[in-house]
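Chain and residue survey
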Amino acid sequence: MELIDIGANLAHDSFDADREAILQRAAEAGVAQILVTGSSEDSTRKAIALSGAHRGRLFATAGVHPHHAADLTADALPALQELARDEYVVAVGECGLDYFRDLSPRDLQRRAFGWQLEISAATGKPVFLHQRDGHDDFIAILREHRVTRGVAHCFTGNEKERDAYLELGLHIGITGWINDERRGLHLREVVKGIPADRLLIETDAPYLLPRDIRPAPKTRRNEPFYLPYVARAIAAARGESWETVAAASTAAARHLFRLSPSSGQ
Ligand SMILES: [Zn+2]
């Protein structure tokens, strides 16, 4: 059974000391392919380099997270446009709006988001979307740009948000948030209404370590090795076998990001 982690921040420096071991463990757990999230120009370059070093197993996204939106100036834009065309890049983002933490001014978040949607349209690559506390502006911008291909990554919203994304044609990415017995309970209802061919799974490593891992890991660092916990939590919520969730989410990820099955290296 093969799983695909559609969002892992493997360029993060918390993996610098043992990245190869992390990839090895992931493969042993059945995580056949991983999208390495680019969230700044720098992490995008690292994600591309990693993908080149692990052809067919790792793929990159190219983007600037809303937290870093102020860094995506008009002068910086051409470099991102160039990176997005790279052969190892399969999606544009992580991009979107984060009005929860507001680390960049909102007008700059909206500008950076719009630019990245234009890059997605120009390259024909789907968007990798982040949204927190900014749903109304977010959906308006997606509609304005007629976005139809992409994933609402780390979805934690309600039925209304889910349906708005599905109506646009987007996929929905579920993380270990659903494993959280305190704040993830609503997601166990919401996830039932996602068609199997639109449901993707992700760790968002090193963040969002599933809370139901036993024995509990010694560190809080999440990694793709734990993706099966997310698949199992989704399966339990939907009343399906975990093999069903794994097969459908892998097929959906390969379709959206146009991945060939890995050669097994
Ligand atoms: Zn995110």
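Next up on the list: the overall build of the chain. Each helix and strand counted, the chain has nine helices and eight strands in total. Radius of gyration (C-alpha) of the chain: 17 Å, near the 18 Å computed for a compact globule of 265 residues. Viewed in the frame of its principal axes, the chain has a C-alpha envelope of about 45 × 40 × 35 Å. For the chain, with 265 residues in total, the buried portion stands at 57%. By sequence separation, contacts in the chain at least 24 residues apart represent 72% of the contacts at least 6 residues apart. Carbon together with sulfur atoms contributes 49% to the accessible area of the chain, which is approximately 11300 Å² in total. One way to put it: in the chain the 32 positive side-chain charges average out to a point 3 Å from where the 37 negative ones average out.

Moving on: the layout of surface pockets. Its boundaries defined by the atoms lining it, the largest pocket holds a volume of some 690 Å³. Breaking the lining of the largest pocket down by element, the ones donating at least two residues are strand E4 (89-98) and strand E5 (127-132). With three residues, E5 is the single largest residue contributor to the lining of the largest pocket. For the lining of the largest pocket, a count of residues per class yields five nonpolar, 13 polar and seven charged. Here the second largest pocket is characterised by a volume of approximately 160 Å³. What lines the second largest pocket is a set of 14 residues, among which Gln131, Arg132, Thr156, Gly157 and Glu161 lie closest to the centre. At four residues, E5 tops the list of elements feeding residues into the lining of the second largest pocket. The residue inventory of the lining of the second largest pocket, partitioned by class, reads six nonpolar, five polar and three charged.

So, on to the pattern of salt bridges. Counted according to the given criterion, the structure contains 16 salt bridges. Residue aspartate 180 is joined to arginine 183 by a salt bridge in which the shortest nitrogen-to-oxygen separation is 3.2 Å. Between glutamate 181 and arginine 211 there is a salt bridge, with the nearest N and O atoms lying 2.8 Å from each other. With glutamate 181 in the loop between strand E7 (171-174) and helix H7 (185-190) and arginine 211 in the loop between strand E8 (199-201) and helix H8 (227-238), the pair connects residues that are 30 residues apart, well separated along the chain. A relative accessible area of 31% places arginine 211 in the partly exposed class. Taken together, the salt bridges that share partners define one network made up of Asp180, Glu181, Arg182, Arg183 and Arg211.

Checked against the element boundaries, glycine 93 lands in strand E4. The buried category is assigned to glycine 93, whose relative accessible area is 0%. Not counting chain neighbours up to four residues away, the residues in contact with glycine 93 comprise Gly38, Thr61, Ala62, Gly63, Gln116 and Phe128.

Protein coordination of the zinc ion is provided by Glu94 (OE), His130 (ND1) and His153 (NE2), with donor distances spanning 1.9 to 2.2 Å. Look at histidine 153 and you get buried, because its relative accessible area is 4%.

Attention shifts here to the pairing of E7. Where a strand is regular, its side chains alternate between the two sheet faces. Going residue by residue along E7, you find His171 and Gly173 tucked away on one face and Ile172 and Ile174 tucked away on the opposite face as well. One crossover worth recording links strand E6 (residues 150-152) to the parallel E7 by way of helix H6 (residues 159-168), and it is right-handed. The pairing of E7 with E8 spans three bridges and is classified as parallel. Bridge pairing in E8 links isoleucine 172 to leucine 199. The parallel pair E7 and E8, bridged by H7, forms a crossover whose chirality is right-handed.

The next point concerns the packing of helix H3 (residues 77-84) against helix H4 (residues 106-123). Packing of H3 against H4 leaves a shortest axis separation of 10 Å and a crossing angle of 35 degrees. Pair H3 / H4 crosses with right-handed handedness. Across the interface between the two elements, Leu77, Leu80, Gln81 and Ala84 of H3 pack against Trp115, Gln116, Ile119 and Thr123 of H4. Residues belonging to the contact of H3 with H4 are distributed by class as follows: five nonpolar, three polar and no charged.

What follows is about the nonpolar core. Counting residues in hydrophobic clusters, the biggest one holds 71 residues, and the most contacted among them are Leu10, Phe113, Leu129, Leu142, Ile174 and Ile234. No other element matches the seven residues that H8 contributes to this core. Isoleucine 234 has contacts with Ile174, Ile178, Val191, Leu199, Ile201 and Val245, leaving out every residue within four places of it along the chain. Grouped together as the second largest cluster of nonpolar side chains are 14 residues, Ile4, Phe128, Val151 and Phe257 included.

Procedures and definitions
- Residues numbered from 1 in each chain as written.
- Predicted model: local features only at pLDDT ≥ 70, side-chain atom pairs only at ≥ 80, totals over all residues.
- Heavy atoms only, no water.
- Helix = DSSP H or I, 4+ residues; strand = E, 2+ residues; numbered from the N terminus.
- Rg over C-alpha atoms; globule rule 2.2 N^0.38 Å.
- Buried < 20%, exposed > 50% of the residue type's maximum accessible area, 1.4 Å probe, protein only.
- Contact = heavy atoms within 4.5 Å.
- Areas by Shrake-Rupley, 256 points an atom, 1.4 Å probe, with all protein chains shown as cover.
- Lys, Arg positive; Asp, Glu negative; His and termini not counted.
- Charge placed at Lys NZ, Arg CZ, Asp CG, Glu CD.
- 1 Å grid on protein atoms, 1.4 Å probe; cavity = no way out; pocket = protein on both sides within 12 Å on 5 of 7 lines; lining within 4 Å.
- Points joined across faces, edges and corners; volume = space filled by probe spheres on them.
- Nonpolar A, V, L, I, M, F, W, Y, C, P; charged D, E, K, R; others polar.
- Salt bridge = Lys/Arg side-chain N within 4 Å of Asp/Glu carboxyl O.
- Donors = N, O, S within 2.8 Å, 3.2 Å for Na, K, Ca; no water.
- Right-handed = clockwise from strand over helix to strand, strands pointing away.
- Pairing = 2+ DSSP bridges.
- Axes fitted to C-alpha atoms, helices over the stretch in contact; angles between N-to-C directions.
- Left-handed = near helix turned anticlockwise from the far one by under 90°.
- Core = buried A, V, L, I, M, F, W, Y, C linked by side-chain atoms within 4.5 Å.

Such coordinate-based values are descriptive only and should not be taken to indicate function.
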